[in-house]
Amino acid sequence: MSHLLSEEQEMLREAARGFCQNKAPIAQLRSLRDQGSEFGFDPDTWREMAEMGWSGILVPEEYDGVAMGHRAAGLIMEEMGRTLTGSPFLSSAIMGATGISQYGTDEQKQTYLSRIASGETIIGVAVDEGRKHAPTHVELTAARSGNGFLLNGQKQFVADCASADAYIVSARTAGKEDEAKGISLFLVPKTQNGVSHDNRPMIDSRNAGTVSFDNVALDADALLGEVDEGAGAWSHILDAGRAGLAAEMSGAAQESLHRTIDYLQQRQQFGRTIGSFQSLQHRAAHLYSEIELGKSIVWRALSMMDEAPQMAGLMVSAAKAKLGQVAQLAAQESIQMHGGIGMTDEFDIGFFIKRIRVADALYGDHHFHAERYAQIRGF
Amino acid sequence: MSHLLSEEQEMLREAARGFCQNKAPIAQLRSLRDQGSEFGFDPDTWREMAEMGWSGILVPEEYDGVAMGHRAAGLIMEEMGRTLTGSPFLSSAIMGATGISQYGTDEQKQTYLSRIASGETIIGVAVDEGRKHAPTHVELTAARSGNGFLLNGQKQFVADCASADAYIVSARTAGKEDEAKGISLFLVPKTQNGVSHDNRPMIDSRNAGTVSFDNVALDADALLGEVDEGAGAWSHILDAGRAGLAAEMSGAAQESLHRTIDYLQQRQQFGRTIGSFQSLQHRAAHLYSEIELGKSIVWRALSMMDEAPQMAGLMVSAAKAKLGQVAQLAAQESIQMHGGIGMTDEFDIGFFIKRIRVADALYGDHHFHAERYAQIRGF
Amino acid sequence: MSEETEDLTHFRATVRDWLEQNCPPEMRQPMRSVEDVCWGGRHWKFASDAQKIWLERMAAKGWTVPEWPQKYGGGGLSRDQARIVRAEMKKIKARPPLQSFGIWMLGPALLKYGNEEQKLEHLPKIARGEIRWAQGYSEPNAGSDLASLMTKCEDRGDHYEVTGQKVWTSYADQADWIFVLVRTDFEAKKHEGISFILVDMDQPGVTTRPIKLISGKSPFCETFFDKARAEKKNLIGEINKGWTIAKYLLTHEREMIGGMGSDVMRPVGDIAVQQIGLGEDKKLADKMLRTDLARMEIDGLAFMETLARVQQEAKAGTGVGANSSMLKYYGTELNKRRLELMMDCAGSEGLSWGAENDLAANWLRTKANSIEGGTSEVQLNIIAKRILQLPST
Amino acid sequence: MSEETEDLTHFRATVRDWLEQNCPPEMRQPMRSVEDVCWGGRHWKFASDAQKIWLERMAAKGWTVPEWPQKYGGGGLSRDQARIVRAEMKKIKARPPLQSFGIWMLGPALLKYGNEEQKLEHLPKIARGEIRWAQGYSEPNAGSDLASLMTKCEDRGDHYEVTGQKVWTSYADQADWIFVLVRTDFEAKKHEGISFILVDMDQPGVTTRPIKLISGKSPFCETFFDKARAEKKNLIGEINKGWTIAKYLLTHEREMIGGMGSDVMRPVGDIAVQQIGLGEDKKLADKMLRTDLARMEIDGLAFMETLARVQQEAKAGTGVGANSSMLKYYGTELNKRRLELMMDCAGSEGLSWGAENDLAANWLRTKANSIEGGTSEVQLNIIAKRILQLPST
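Residues numbered from 1 in each chain as written. Chains lettered and ligands numbered in written order. Predicted model: local features only at pLDDT ≥ 70, side-chain atom pairs only at ≥ 80, totals over all residues. Heavy atoms only, no water.

### Things to note about the overall build of chain C
Within chain C one finds eleven helices and eight strands. By the compact-globule yardstick of 21 Å for 393 residues, chain C fits well, its C-alpha radius of gyration being 23 Å. A burial count over chain C gives 58% of its 393 residues as buried. Residue pairs in contact within chain C that sit at least 24 positions apart in sequence constitute 70% of those at least 6 positions apart. When the accessible area of chain C is evaluated, it comes to approximately 17,100 Å², of which 51% is carbon and sulfur surface. (Helix = DSSP H or I, 4+ residues; strand = E, 2+ residues; numbered from the N terminus. Rg over C-alpha atoms; globule rule 2.2 N^0.38 Å. Buried < 20%, exposed > 50% of the residue type's maximum accessible area, 1.4 Å probe, protein only. Contact = heavy atoms within 4.5 Å. Areas by Shrake-Rupley, 256 points an atom, 1.4 Å probe, with all protein chains shown as cover.)

### Here's the deal with the overall build of chain A
Regarding its fold elements, chain A presents twelve helices and ten strands. For chain A, whose C-alpha radius of gyration is 21 Å, the value lies close to the compact-globule estimate of 21 Å for 379 residues. Projected onto the principal axes, the alpha-carbon positions of chain A cover approximately 80 × 50 × 40 Å. Evaluated residue by residue, chain A yields a buried proportion of 65% over its 379 residues. Considering only contacts in chain A between residues 6 or more positions apart, those separated by 24 or more positions represent 74%. Summing over all exposed atoms, chain A offers an accessible surface of approximately 12,500 Å²; the carbon and sulfur share of this is 47%. Of the charged side chains in chain A, 34 are positive and 49 negative, and the gap between their average positions amounts to 7 Å. (Lys, Arg positive; Asp, Glu negative; His and termini not counted. Charge placed at Lys NZ, Arg CZ, Asp CG, Glu CD.)

### A few points about the pairing of strand E2 (residues 152-155) of chain C
As a general feature of sheets, a regular strand has side chains that alternate between the two faces. In terms of strand pairing, E2(C) meets strand E3 (residues 159-170) of chain C through four bridges, oriented antiparallel. Its bridge partner lying in E3(C), Lys152(C) is registered against Thr163(C). (Pairing = 2+ DSSP bridges.)

### Looking at the interface of chain D and chain A
Counting residues at the interface gives 43 residues for chain D, matched by 40 residues for chain A. Of the roughly 3,500 Å² buried between chain D and chain A on both sides combined, carbon and sulfur atoms contribute 61%. Ranking the residues of chain D by area buried against chain A places Ile298(D), Glu305(D) and Arg309(D) at the top, with a combined share of 18%. One salt bridge connects Glu305(D) with Arg300(A), and the closest N-O pair in it is separated by 2.5 Å. Looking at the side of chain D that touches chain A element by element, the count peaks at 17 residues for helix H8 (residues 287-316) of chain D. Residue composition of the side of chain D that touches chain A, grouped by class: 23 nonpolar, eight polar and twelve charged. (Buried area = accessible area lost by both parts, 1.4 Å probe. Salt bridge = Lys/Arg side-chain N within 4 Å of Asp/Glu carboxyl O. Nonpolar A, V, L, I, M, F, W, Y, C, P; charged D, E, K, R; others polar.)

### Overview of the domain arrangement of chain C
All names here are of chain C. Here the domain parsing of chain C yields domain 1 (3-113), domain 2 (132-240) and domain 3 (246-387). Of note, the centres of domain 1 and domain 2, computed from C-alpha atoms alone, are 29 Å apart. Taken residue by residue, the interface counts twelve residues in domain 1 and 14 residues in domain 2. Here domain 1 and domain 2 share an interface that buries about 1,200 Å² over both sides, 66% of which is from carbon and sulfur atoms. Summed over the shared surface of domain 1 and domain 2, the number is one salt bridge. Put simply, aspartate 200 and arginine 42 hold a salt bridge, and the shortest N to O gap is 3.2 Å. Connecting domain 1 to domain 2 are two residue pairs in polar contact (both at pLDDT 80 or more). Broken down by class, the residue content of the side of domain 1 that touches domain 2 amounts to seven nonpolar, four polar and one charged. (Domains from an automatic or database assignment. Polar contact = N/O pair within 3.5 Å; in protein donor to acceptor, adjacent residues only side chain to side chain.)

### Some words on the environment of Asp299(D)
Positionally, Asp299(D) belongs in helix H8. Under the relative-accessibility criterion, Asp299(D) is labelled buried at 8%. With 82 residues separating them in the primary sequence, Asp299(D) and Asn381(D) have C-alpha atoms 22 Å apart. Aside from chain neighbours lying at most four places away, what touches Asp299(D) is Leu293(A), Lys322(A), Tyr330(D), Leu334(D) and Arg337(D).

### Comments concerning the side chain of Thr121(A)
Residues and elements named next belong to chain A. Structurally, the position occupied by threonine 121 is in the loop between helix H6 (106-118) and strand E1 (123-126). A relative accessible area of 7% means that threonine 121 is categorised as buried. For threonine 121, the residues in contact, after removing those within four places along its chain, are Ser92, Tyr112, Arg115, Ile116 and Asp165.

### What about the interface of chain C and chain D?
At the interface, nine residues of chain C touch nine residues of chain D. Summed over both partners, the interface of chain C with chain D buries about 810 Å², with 52% contributed by carbon and sulfur atoms. Taken together, the links from chain C to chain D amount to two salt bridges. The salt bridge partner of Arg295(D) is Asp292(C), with a shortest N-O separation of 2.9 Å. Viewed at the interface, chain D and chain C are joined by three residue pairs in polar contact (both at pLDDT 80 or more).

### Here's the deal with the packing of aromatic side chains
Counting across every chain of the model gives 38 aromatic pairs over all chains. Where Trp39(D) meets Phe101(D), the ring centres are 6.1 Å apart and the plane angle is 15°; that geometry is what we call stacked. Residue Trp39(D) is located in the loop between helix H1 (6-22) and helix H2 (49-61), and its partner Phe101(D) is located in helix H4 (residues 101-113); the two are separated by 62 residues in the primary sequence. Here Trp168(D) and Phe220(D) contribute two aromatic rings whose centre-to-centre distance is 5.2 Å and whose plane-to-plane angle is 90°, an arrangement assigned as edge-to-face. Separated by 52 residues along the polypeptide, Trp168(D) in strand E3 (residues 159-170) and Phe220(D) in strand E7 (residues 220-231) bring together distant segments of the chain. By relative accessible area, Phe220(D) is classed as buried at 7%. Over the aromatic face of Phe351(B) sits the side chain of Lys354(B), whose NZ or CZ is 5.6 Å from the ring centroid. One residue, Lys61(C), lies across the ring of Trp63(C), its end atom 4.9 Å from the ring centre. (Phe/Tyr/Trp six-rings, centres within 6.5 Å; stacked < 30°, edge-to-face > 60°. Lys NZ or Arg CZ within 6 Å of the ring centre and 35° of its normal.)

### So, the relation of the copies chain C and chain D
Mapping chain C onto chain D leaves a residual RMSD of 0.2 Å; the transformation is a rotation of 180° accompanied by 0.0 Å of translation along its axis. Expressed as a symmetry operation, the mapping of one chain copy onto the other fits a two-fold axis. (Least-squares fit on C-alpha atoms with pLDDT ≥ 70 in both.)

### Points about the nonpolar core
Core analysis: the biggest nonpolar cluster contains 346 residues, and Phe89(A) and Phe89(B) have the highest contact counts within it. If we skip the residues at most four places from it in the chain, Phe89(A) touches Trp46(A), Trp54(A), Ile57(A), Ala73(A), Ile76(A), Met77(A), Met80(A) and Ile94(A). (Core = buried A, V, L, I, M, F, W, Y, C linked by side-chain atoms within 4.5 Å.)

### A short note on helix H7 (residues 268-276) of chain D
When we look at burial in H7(D), the residues that qualify are Val268(D), Gly269(D), Ile271(D), Ala272(D), Gln275(D) and Ile276(D). Taken end-on, H7(D) shows its buried residues confined to a sector of 155°, consistent with a single buried face. Residues of H7(D) that are buried in the fold lie against helix H12 (366-377) of chain A together with H8 and helix H9 (323-346) of chain D. Positive phi appears at Gly277(D), one or two residues downstream of H7(D), with a value of about 90°. (Arc of directions from axis to C-beta.)

### Overview of the side chain of Ser170(A)
Residues and elements named next belong to chain A. On the secondary structure map, serine 170 appears in strand E4 (residues 166-172). Here the side chain of serine 170 touches lysine 155 through a polar contact of 2.8 Å, side chain to side chain. When sequence neighbours within four positions are dropped, the list of residues in contact with serine 170 reads Ala126, Val127, Val138, Leu140, Lys155, Ile183, Ser184, Leu185 and Trp234.

### Let's talk about the state of the cysteines
Residue and element names in this part refer to chain C. Enumeration over the complete set of coordinates arrives at zero disulfides over all chains. Cysteine cysteine 23 remains unbridged, with the sulfur of cysteine 38 as its closest cysteine sulfur at 13 Å. Cysteine 221 takes part in no disulfide bond, and the closest cysteine sulfur to it belongs to cysteine 38, at a distance of 19 Å. (Disulfide = S-S within 2.5 Å.)

### Considerations on the confidence of the model for chain C
Taken residue by residue, chain C gives an average pLDDT of 93. The fraction at 70 or more is 97%. Both confidence scores are given for the complex: pTM 0.92, ipTM 0.93. (pLDDT = per-residue confidence, 0-100.)

### Let's talk about the packing of helix H9 (residues 323-346) of chain C against helix H10 (residues 359-366) of chain C
Residue and element names in this part refer to chain C. Taken N-terminus to C-terminus, the directions of H9 and H10 make an angle of 155°; their axes are 9 Å apart at the nearest point. Relative to H10, the element H9 lies roughly antiparallel. Every pair of crossing elements has a handedness; the one defined by H9 and H10 is left-handed. Side by side, H9 and H10 meet where Asn335, Lys336, Leu339, Glu340, Met342, Met343 and Ala346 of the first sit next to Leu359, Ala360, Asn362, Trp363 and Thr366 of the second. Partitioning the contact of H9 with H10 into residue classes produces seven nonpolar, three polar and two charged. (Axes fitted to C-alpha atoms, helices over the stretch in contact; angles between N-to-C directions. Parallel < 35°, antiparallel > 145°, perpendicular 65-115°, else oblique. Left-handed = near helix turned anticlockwise from the far one by under 90°.)

### Some words on a negative patch on the surface
Together, Glu139(A), Glu177(A), Asp178(A) and Glu179(A) line one region of the surface with negative charge. Mapped onto the elements of the fold, Glu139(A) is located in the loop between E1 and strand E2 (141-145). (Patch = residues over 30% accessible without salt bridge, like charges linked within 9 Å, V, L, I, M, F, W, Y side chains within 5 Å.)

### Brief notes about the pairing of E7(D)
Note: E3(D) against E7(D), nine bridges, orientation antiparallel. Pairing of Glu161(D) across the sheet is with Arg229(D), part of E7(D).

### What about the pattern of salt bridges?
All names here are of chain B. Across all of its chains, the model carries 133 salt bridges over all chains by this definition. One salt bridge connects lysine 132 with aspartate 365, and the closest N-O pair in it is separated by 2.8 Å. Taken together, the residues span a long stretch of sequence, with lysine 132 in the loop between strand E1 (123-126) and strand E2 (141-145) and aspartate 365 in the loop between helix H11 (350-361) and helix H12 (366-377) at a distance of 233 residues. Taken as a pair, lysine 132 and aspartate 365 share a single burial class, namely buried.

Now the structure itself:
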């Protein structure tokens, strides 16, 4: 497997880096937060991303996407990670597009894919019902009702709960609470009667929260994929998101280190540049090594998503587990090495630890993915 | 609870330190090893220890012991840990004496305790049947036979298998393989027909190995404690050994650090004393902190063994888990900081990592005890 | 306890009675938030009558600072007696009547380094909660390297004039007076030109600005001195010898912060069981987190025992002095680990502001533990040099 | 593979045929122990006829060193062709016909820094396994600080005379010649008075003594030079410029050792399942160890991917040169962790000598990984300075 970027990927990365640094730097996040933005991203910036084709990165060309694959999506996530740029890219362009293009009916594709690619429609993914990620723990019910289904239940920690126009939701159509069998996926427009959301003031200043389904009546064509057999599709969609989050954390970790090295090169204490203290040097060098390992495993996971998504679970979990730990180490070391100033809200470095915490937790933290890794490995 | 030594304990410690350093330093271990000593300890040295009362440290005064308790025993173990002194102290004076004095019949006490105290009789403890410590995993059977029992099975990793005169052995008299219920303890003289041992060339140069029981016929009075109900006594005996091992590892860790600091203060590289390199300073300071924590938790565990042995499991497991990790960190850092010379057999520092490995594994390694800790804590 | 003398037993009974009669029931409730802390000071607004009465009664007995001499507003109690007062208060869950940097920091420094006049003037006001103090140590360019501070203090004949900037001055915006480390000699070596001085903040030359932290609002401020006046009599100890007092207070602070690690014993394992639940095997459902929890709790136990041991050794005079650095280092790092694991247990519920007892803000706030009061790196340097005797470069 | 040209495809077929006909079946068995390695040399005793025939046949084709020029005894192959030879050998599990420090270390140095006469004299003998070489670098007082070496080399008119001591000279007791770093100028700065010279060990002035390690017997020796003679023509490169060659070889060695980390992929999780077994929950019975295993395996995967990436980047000329230090550091530390966990899995079975495939000795031996070839601390220094551009003191 090649770890080198193709010319096209290299160009995409350069473009993404330039865009994020110029149009959506951390200053934007700060200003959105201070304004109390509902979405935690700037709709104009999102439109510009869409114009560049990002929102269609995984949408087939026949639906006006650019179909560049998960590696390309990962490169964009990585750059967004560096600048902590908020957008519905992960929820909609990565997970939404994966779900609908891979498992949607022709009608669903017609309805959604072009609009996802254009950025006009935003998809949210509603998976968890408890405080910890547990995709097979589904209590939300979808009872047969006439020709369709009646949904009742609640989802937590739904990223883009406020900005989404429709949700992909897992519901139980059969089986017991923690069984994989009996889970079905639905595509539910937010405007549907009985759907409501409750946006939380998240530490990363993005929009996420609870989505409630109260006697939501759906036609049979709201089903995404096979009834009772949604667990496989669900893993595929979630793995797409997890690989993307791992790439984002990789970017955030790299940038944390980069800013810390800059600071170490400048700050004077005890009559010397603090970057000349060997204990800090060794910790920075160790962190660098961890981040390099992180970059490689993320790329491998993204490649697996492109080449053999059904087999990608092991690598995706390895990548998300590794990056969850590495990025948190980076965030913690960054603050410690900045000292007091790193604790102040005025200084940007403190934004990293908050987003990284959320990114680690989303769709399974490093404990969850080390567990999943061990289970797939059979020990 | 007091963390300060009583005057008596202080005197004992000084005496033990002087004795181990003068009479049983690492040079003795090296020479025993090079001679291929069967026991891995020097019988004359053991006799001298006995004369000082060490072998009777837990034996009641009525049986000629000094009954100074587990804290005192731990102080001796700690000093033996510094000098890596081999002896049957742990097996016989700590575990053997605990078992027989707490659970023995009058006759067993009469037969054994004075002889344990005088050092003439050495007790070995035969618990494990697999490669990992698992005291409730007992397949060795004790079948009723006439008025007594017939033992069949094998024990592994029996410390002092060659030097012991009698073994305390766990056997199944009822219940299934991993059940606590149905375990009984027996006191079996090595001379009994059908008992044989196979001494292994252990990395710490002490004697340990397999003990086999092949149709060993025992009278009913060989039973130690209640039939089928030996698990509680077993925990008590094992906890005594575990606390002792934690104390030994504490001593070994302290001495590893001490020798490493000495080396760091002397060795020149790049035109300076390597102890002036900040990254080594910080690692040494961290190790020092871990060792200090280790000392305190060991003392607490030993105190619990003295004051409330039935409740001591949590603290003993915490201490053994902590010291297993701390001492291994100390051993590893010592070799790394010594560099190449630390790898040579000629230099004594390499003896520490070997004994510490064995001491961690014996009666449950740090994984086992973290697990036991979590279970007692209820999570 | 068995060794307690008859005198102390009697004292204990008296204390118990007095507390029973004098501690208002409202003051026996656990504090619900930082709002319930009584800090005192010129502008203090009592949260309730009970808070006011409780402070007044305790101050009258000198029990806001039980071990200080009575002539300075204290209770004049022995260490054992003071321990009994604290223990009996704890038994009835009595809130501390007064907290302040005056009690924790300035008081001990004055008792040790102040002259009689200074003690008589300042200590009773601290004991009665009349003056609220702030601490002026760190500067933007003097963090870990505190001795490189540049706030200048010039002799103007009958008074001193202070100009410069301090950071991390807790509650400076609510304080009445501030004790400040200043440079009084710019020619001397950096440790030798520092003095310790008390400044009344109620003057135009002193202004403050709150600092917002990554965890949100904070008690910290920046404090600016622009030709602020300080009386000559308020310079503590000798001029240019303030570093001695600073070092004393830093060690004191380190011990306090290290001691706060006692909090590490709140058993996270129980929180985990409640929040995550047990699997069919009766073990925490999240097996990987469980490993980290077990190891952290064990370290927490070992730390608590070490804290107890070091305190006992200090009392017995047998301890290693620099061990306060070890406690500060380990205690704060452990507390950070603990909060990381609590965040892991809380999952998504811990990721929004205000939820789960402000867990997210508390978690972020712990990141400063290993920076304030001397960074972990500084503590490791101290351990390496003073305890392990490793050489400087 | 799909891009392989027709030429290469044809070459591959030729190689396959030749190997099929010439590699003796005994040489297609996995090596059972280090005894099966063929090192060559003046006094080499072949373990079998097959070993001898296999070396002779491969040497005749120049395939013991496929990429070296033919005039020096090599195969004259391109990098792609050499890759094919190695791949085809691997397919039939052919053992390497010859291993030696001559091939790994001295050869590359001579090819880069030797003159034509030196290449013609020494390289063919390396390629044919006629001379076995040892490496004389470290000294008792020059470990991490290699450049402070003190073995002296004096000009005696028609020859040099070498006096001093080397340590960690692998297999020096079985070697014929040794390449040595010596000091030829004691006045110059320490890096500027070093030369690189070749010494025939078959003389009374060179003696060796094996070093026993904590893991038991080892290939390492101490090597003593007492007025040992070295021919003038055997000084490689310029006099006093030997440090350049040393650095080249150190980087080369670091890459080799880092690369050995590839071994980390032997999945310890599988060993654990086999040795410890699964619980009723189908998970490893030892839950705490399981956590460490999962994390280590994940790091192992990430390391393997990184190794692949760095190699690809190096080939493409886009890489960070000093990343070899990162691989050396991480790979060796990871390997130590791996062996610690294997010992944990093995339990008491791993605690006696000779058991479980010599696990205990292998475990102890890994402790040297992070010392030899530049310590972990030296690699971290290199990363900090060359990659992160952090300043020196």
